[in-house]
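What the coordinates show
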Amino acid sequence: MKNVAYLSWITYALIISGYIVSLASPNASVIGYSCVVVGLFSLIILQLVPLTHKPQLSLSMFIPYVPIIVVLGLSAWLLAINIKYSTQLQKGNVTGEYKTFNTINFILMLLQLIILKMNTLEYKTAAVSFIASFQLIV
C-alpha cells in the first residue's frame, strides 16, 4: 500500500505538470493535456488496485471513483479540443479569450485535484460535479 501511495503522488505531479505546461505555453497544450489524461487514467488504476483483493465486488464500491472519472472525461474533452485546433495553437494564433479560458480551466482543474486528494471531504462527488458543471459552462 505504501508503494501505491508513492505512485499516486508521482501521478499527481504528472497531472499538475501537464496542466502547468498547457497553461504556460499554448504551443505545448496537446502535450500537457496528454500528460494530464495519462496521469488521471493511471490514478484511477492505482486507486482500483486495492479493490482487486476484495473477495466480492459490487457496483457501490466504484461510486467513490465517479469524481475522478468526471475529471478524466473533462480532460479528455480538452485534449480533443486542443488536438482539433493544434495547427492554430502551433502557429501562435491564439486569442486573448483562449488564454483566459486556459487560465480559468487551470484554476478549476487544480481545485478539482485538491478536492480529489482530500480524503476527509464528505461531499467530494458533489463538489467535483459542481466545479465540472461550471467548467463546462466556461
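Residues numbered from 1 in each chain as written. Predicted model: local features only at pLDDT ≥ 70, side-chain atom pairs only at ≥ 80, totals over all residues. Heavy atoms only, no water.

1. Here's the deal with the overall build of the protein
Of regular secondary structure, the protein possesses 6 helices and 0 strands. When its helices and strands are written in sequence order, the protein yields α-α-α-α-α-α. A globule of 138 residues ought to have a C-alpha radius of gyration of about 14 Å, and the protein, at 16 Å, matches this closely. For the protein, the C-alpha atoms occupy an extent of roughly 55 × 30 × 20 Å along the three principal directions. Relative to its 138 residues, the protein shows a buried fraction of 35%. A total of about 8300 Å² of accessible surface is found on the protein, and carbon and sulfur atoms cover 71% of it. (Helix = DSSP H or I, 4+ residues; strand = E, 2+ residues; numbered from the N terminus. Rg over C-alpha atoms; globule rule 2.2 N^0.38 Å. Buried < 20%, exposed > 50% of the residue type's maximum accessible area, 1.4 Å probe, protein only. Areas by Shrake-Rupley, 256 points an atom, 1.4 Å probe, with all protein chains shown as cover.)

2. Re the packing of helix H2 (residues 29–48) against helix H3 (residues 66–84)
As a packed pair, H2 and H3 sit with axes 9 Å apart at the nearest point and diverge in direction by 160°. Taken together, the axes of H2 and H3 lie roughly antiparallel to each other. As H2 packs across H3, the resulting crossing turns out to be left-handed. The residues of H3 that touch H2, namely those facing Ser-29, Val-30, Tyr-33, Ser-34, Val-36, Val-37, Leu-40, Phe-41, Leu-43, Ile-44 and Gln-47, are Ile-68, Ile-69, Val-71, Leu-72, Ser-75, Ala-76, Leu-78, Leu-79, Asn-82 and Ile-83. (Axes fitted to C-alpha atoms, helices over the stretch in contact; angles between N-to-C directions. Parallel < 35°, antiparallel > 145°, perpendicular 65-115°, else oblique. Left-handed = near helix turned anticlockwise from the far one by under 90°. Contact = heavy atoms within 4.5 Å.)

3. A closer look at the packing of aromatic side chains
A complete count under the given rule lists 2 aromatic pairs for this structure. Between Trp-9 and Tyr-12, the ring centres sit 6.4 Å apart and the planes meet at 55°, which makes this aromatic pair tilted. Residue Trp-9 and its partner Tyr-12 are located together in helix H1 (residues 2–24), separated by 3 residues, close to a single helical turn. According to the relative accessible area criterion, Tyr-12 is buried, its value standing at 6%. Here the aromatic rings of Tyr-19 and Tyr-33 are separated by 6.3 Å at their centres, their planes lie at 80°, and the arrangement is edge-to-face. Here Tyr-19 is found in helix H1, whereas its partner Tyr-33 is found in helix H2, with 14 residues between them in sequence. The burial state of Tyr-19 is the same as that of Tyr-33; both residues are buried. (Phe/Tyr/Trp six-rings, centres within 6.5 Å; stacked < 30°, edge-to-face > 60°.)

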